[in-house]
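# Chain and residue survey
This is what each chain is made of:
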Amino acid sequence: MLDDLRELYQEVILDHSKRPRNFRHPEDANHEAHGYNPLCGDTVNVYLKMGHNGLIEDAAFEGKGCAISLASASMMTEIIKGKTETEARDIFTGFQKLVKGEEEFIDAGDATDKLMMLAGVKEFPMRVKCATLAWHAMTSAMDNEEEVSTE
């Protein structure tokens, strides 16, 4: 059963990396940031359209990187759309603890299953930065910081 679950997780990650969701540069984005992981060369630009009410109306990204990096960015853009800035930050905090191995489970509402698929990254500490790069870029975009590095 565990092997079947692991295989499903790998399939979902590969699907998101080969066919990333929200891979585009929206013209109406009003927040953006560039993220870079110098350790492996992954790069991502995160674009957000933030409403006046603090709601993330749209989220997208462009970039190059490994399967984990692209899949995480793809999942992130799906998860944070329709969330408030506070909700998105809280989800990232929980996700970061999950992939670092500080927590075994994350309760992120309807996003829980997607984020749990990346939990296996904790077994490969060098890949944690790949999984969190887009998330760091998202928070930098919300903070009106144009650049972020995983170093």
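All values derive from a computational prediction rather than experimental measurement.

### Comments concerning the pairing of strand S1 (residues 31–37)
On S1, burial follows the alternation: His31, Ala33, Gly35 and Asn37 on one face are buried, whereas Glu32, His34 and Tyr36 on the facing-out side are not. Pairing analysis gives seven bridges linking S1 to strand S2 (residues 42–50), with the strands arranged antiparallel. Looking across to S2, one finds that Asn37 is bridged to Asp42. Between S1 and S2, which pair antiparallel one after the other, the connecting turn spans four residues, and Gly41 there sits at a positive phi close to 90 degrees. Here S1 pairs with strand S4 (residues 147–149) via three bridges, running parallel. Along S4, the bridge assignment pairs His34 with Glu147.

### Looking at the sheet that holds S4
Spatial ordering of the open sheet is given by S3-S2-S1-S4, a layout of four strands whose pairing is mixed. Looking at the sheet topology across the chains shown, the edges are occupied by strand S3 (56–64) and S4. Shown here is a sheet whose adjacent strand axes are inclined to one another by a mean of 20 degrees, direction ignored. Against the sheet, helix H5 (residues 128–142) engages S1, S2, S3 and S4, with an angle of about 40 degrees to S2.

What counts and how
- Residues numbered from 1 in each chain as written.
- Predicted model: local features only at pLDDT ≥ 70, side-chain atom pairs only at ≥ 80, totals over all residues.
- Heavy atoms only, no water.
- Buried < 20%, exposed > 50% of the residue type's maximum accessible area, 1.4 Å probe, protein only.
- Helix = DSSP H or I, 4+ residues; strand = E, 2+ residues; numbered from the N terminus.
- Pairing = 2+ DSSP bridges.
- Axes fitted to C-alpha atoms, helices over the stretch in contact; angles between N-to-C directions.
- Contact = heavy atoms within 4.5 Å.

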